[in-house]
Structures are given as structure tokens and as C-alpha cells.
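Tertiary structure, described
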Amino acid sequence: MNLRIPGPTPCPPEVLEAMAGQMINHRGPEFASLQERVLAGVKQVFQTSGDVMILTCAGTGGLEAALVNTLSPGEKVLSASIGAFGDRLASIAEAYGAQVTRKTVEWGRAVEPEQMEAWLRQHPDVTAVLVTHNETSTGVTNPLREIAQLVRRADKLLIVDAVSSMSSIPCPVDEWGLDVVVSGSQKGWMVPPGLSFVSMSERAWSANARARMPRFYLDLAKQKASQEKGQTAWTPAVSVYYGMDAALPLLLRNGLQSVFERHAAGGEHVRRRAKELGLELFADERYASNTVTAVKAPAGRELGPLLKTMRMERNVVFAGGQGKLSGQIFRIGHLGYFSQGDLEGAMDALRQELSAARAPVSA
Ligand SMILES: *Cc1c(COP(=O)(O)O)cnc(C)c1O
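The sections below set out a description of the structure shown in this document. (Residues numbered from 1 in each chain as written. Predicted model: local features only at pLDDT ≥ 70, side-chain atom pairs only at ≥ 80, totals over all residues. Heavy atoms only, no water.)

Attention now goes to the packing of aromatic side chains. Applying the stated criterion across every chain, the model contains six aromatic pairs. Ring geometry for phenylalanine 31 versus tyrosine 241: centroids 4.9 Å apart, planes at 65°, classification edge-to-face. Here phenylalanine 31 is found in helix H2 (residues 29–46), whereas its partner tyrosine 241 is found in helix H10 (residues 238–252), with 210 residues between them in sequence. Residue phenylalanine 31 is classed as buried on the basis of its relative accessible area, which comes to 0%. For tyrosine 241, a relative accessible area of 0% corresponds to the buried category. (Phe/Tyr/Trp six-rings, centres within 6.5 Å; stacked < 30°, edge-to-face > 60°. Helix = DSSP H or I, 4+ residues; strand = E, 2+ residues; numbered from the N terminus. Buried < 20%, exposed > 50% of the residue type's maximum accessible area, 1.4 Å probe, protein only.)

Encoded structure:
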């Protein structure tokens, strides 16, 4: 099966084999050195010398951790959302009592730096800004470097969902001055779901000292203290650590730059092939994502049956649209463990399917 969805992504055989390993004492020396290696690799990918906490949870758990460890109920924050995941980040903040000013752009577009500048000017009283680096629901990558510069200049805490970008497209945490950044093992990291990673800058730790949102399982200070003793606060997903331990050397083998280049080439390939098929891309091409491509439903073909046939007869799995885009777009994942051949195979199959004689959809 050619699994072309934006996570969970296929895993290299080395990773799957490593994950079959026997359990160890998670409070013993073997786990301590395992976590040390994984942490060193994760920090290399985050390009940070600051703290990164590893949590056993889905990406959304990492997002929740980012918020509840840095904010207080009633605190005013600005959410700059460009899709379903941006909306989710705002919803989590609201669930914990933050006073969220929700700013949105038309789905398919990015937050332009001028727009962010204007929002920051309109809302000088917010203390934090929430933004998605790579919006997986629309296939758009925000100009995060420029956004971060503006947020930094305005002296706000910047909380970033980098779940589907970190490890696939450039997101240098220290260089860009990102305060809290979240990713998840099942996206570009080439590892099954189960671990989330949250980086914290010095400013983020200062915010943590004041933050009053309730937290227990996701308490990052607790996890940091445990990590310093070679442990985790709670029983970790040991097998997923094994997977990370096998995946990180593969990811870092030829340098991060080569990983970024492979994803850029993959994104370009999929976009070019989609356009050659006469399909329309959903995202503003200036900000098209190199990890996921959103494509509008082909004219005259109903999307549900098309995706089903692709899966059942051509062994290619694409993702549908999320939320209000359901039935309108489909998404092609090209992140993590993929070869150029995987993408060519998927796009060839799509071409064959689109040119196959099918009964037209009745109006
Ligand atoms: C996948 C994803 C998430 C959520 O991850 P889960 O593990 O499903 O909770 C959050 N944000 C973005 C941008 C994602 O792509």
C-alpha cells in the first residue's frame, strides 16, 4: 500500500524492527542512555540548545502542553489561524480559559507578514501569539521566520505548531527565536505515533513560572526534572523511543539540509504532476507546503468514490479534506520516509484513474 497521507507516515524497516525490542526498566540505566541519545537527536533536528521535553501523547497533547505550561486563565492571546489545526490550537487555549482573539485568513492562504504586523498593532495587550508553521489541512506553510521576527519585536511569546514541518522543512528554533515549538513522532520523523516533542526557550520558562493554567500529566517542568535524572515523569512509550533511536541516525545521516532538499523536490514533483493532470491546487503557490499538497476535487468526479477506488484498486491512499473542506479537496502526503518513486507511483496511479472510463457522476 502506498500510504500518501500527512501522517501517520510509513516507517523504514529498521525502525519497525527496532520497535519489536523487549521492554526495559524505564527507571533504569538502559532507558537513561536511550533517552539521552533520542533527546540529542531531537535537539539537533529542532536546531536548539535549549530544552526539549519528550511526552508520550499525540501531537495535540504536545499542543496542549505548550499552552497550559505558559499561559494563565484570562490571559489575552492572539491566534493567527490558517486552517483546521490553527483553529484547534485556539480552541485548546479557550478550553483552558485564555481570552483568545481569533484572527483567520481565507483557507489556502498564509499569514502575510504585513497582516501579522497589523494584527499585533491592533491588539497590543496580548501576551502571546499562536501560529501553525505548516497547516496540514490546507497544504500551506506560513512564512514563520518573518512572523517570528515581528512577534519578537512586539515582545510577545510565540507558540508554534510545527507538528507537520519539524524534521521535514527548515524550522531552526534558536535562529528564528521561537519560544515554544511542538512536533510529533508520526509525521516527518519516520516513526509511528506516540511521542510529542515540545521545545521551551528561556522566555518560555519565564512564562512557565507565572503560568496558572491547570496541568498534571502534561507538566513540562516535571518532565524536565525527570529527564535530567534520565527518566520520564510517567511511563513512556518505550517502543516508540526505540523507533526514534533507529530513525534519528537515518534522518541525520546526510545532514538536515539533504532532508529539506528531498522534501522540497517531493513537493515540487507532486505539484507539477497534479497541474499536468489538469487539477487545481488549493494552496496559494507562493506558500505551498513541501510536506503535504492539497488538491481540489477534479471536475466531474465525486471525491469519495475516487479516493475509494484509488485505495481499493490502485493501492494508493490519499487523505480527504478536513472540516469544511471535506468533499472539496484531497491531500497528498510527501513527508518522512518516501522515495521519489513512491510519489511517481502515486501520481501515475492518479493519472490512470482519472483517464479511466468511469460512469460520469449524474448532476
Ligand atoms: C497531525 C497534526 C497535528 C495533530 O497531531 P495528532 O497527533 O493527530 O494529535 C497538529 N497539528 C498539525 C499541523 C498536524 O499536522
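That covers the picture; the talk isn't over yet.
This paragraph deals with the side chain of serine 201. Along the chain, serine 201 turns up in the loop between strand E10 (195–200) and helix H8 (202–210). Serine 201 has contacts with Leu178 and Asp179, leaving out every residue within four places of it along the chain. (Contact = heavy atoms within 4.5 Å.)

Sheet architecture is open: four strands sit in the order E1-E12-E13-E11, paired in mixed fashion. In this open sheet, the two edge strands, each paired with only one partner strand, are strand E1 (2–4) and strand E11 (292–296). Across this sheet, the average inter-strand angle for adjacent strands is 30°, counted without regard to direction. Bridge analysis of E11 against strand E13 (residues 329–333) gives five bridges, and the strand direction is antiparallel. If you follow alanine 294 over to E13, its bridge partner there is arginine 331. The strands touched by helix H12 (residues 303–314) within the sheet are strand E12 (316–320) and E13, with E12 carrying the most contacts at an inclination of about 155°. (Pairing = 2+ DSSP bridges. Axes fitted to C-alpha atoms, helices over the stretch in contact; angles between N-to-C directions.)

This part covers the site of the ligand. As a structural note, the neighbourhood of the ligand is formed by Ala58, Gly59, Thr60, Phe85, Arg88, Asn134, Thr136, Asp161, Val163, Ser164, Gln186 and Lys187. Glycine 59 places a polar main-chain atom, nitrogen or oxygen, 2.8 Å from an oxygen atom of the ligand. Between an oxygen atom of the ligand and a side-chain N or O atom of lysine 187, the distance comes to 2.7 Å. Contributing elements (two or more residues each) for the shell around the ligand: helix H3 (59–68) and helix H4 (84–95). Here the residues of the shell around the ligand are counted per class, giving three nonpolar, six polar and three charged. (Near = heavy atom within 4 Å. Polar contact = N/O pair within 3.5 Å; in protein donor to acceptor, adjacent residues only side chain to side chain. Nonpolar A, V, L, I, M, F, W, Y, C, P; charged D, E, K, R; others polar.)

Backbone torsion omega between glycine 7 and proline 8 reads 0°, so that peptide bond is classified as cis. Mapped onto the elements, proline 8 comes out in the loop between E1 and helix H1 (13–18). For serine 167, which is not glycine, the phi dihedral falls at a positive 90°. Here serine 167 is to be found in the loop between strand E8 (157–161) and helix H7 (173–176). A positive phi angle, close to 70°, is found at methionine 190, a residue other than glycine. Residue classification places methionine 190 among the buried residues on the basis of a relative accessible area of 5%.

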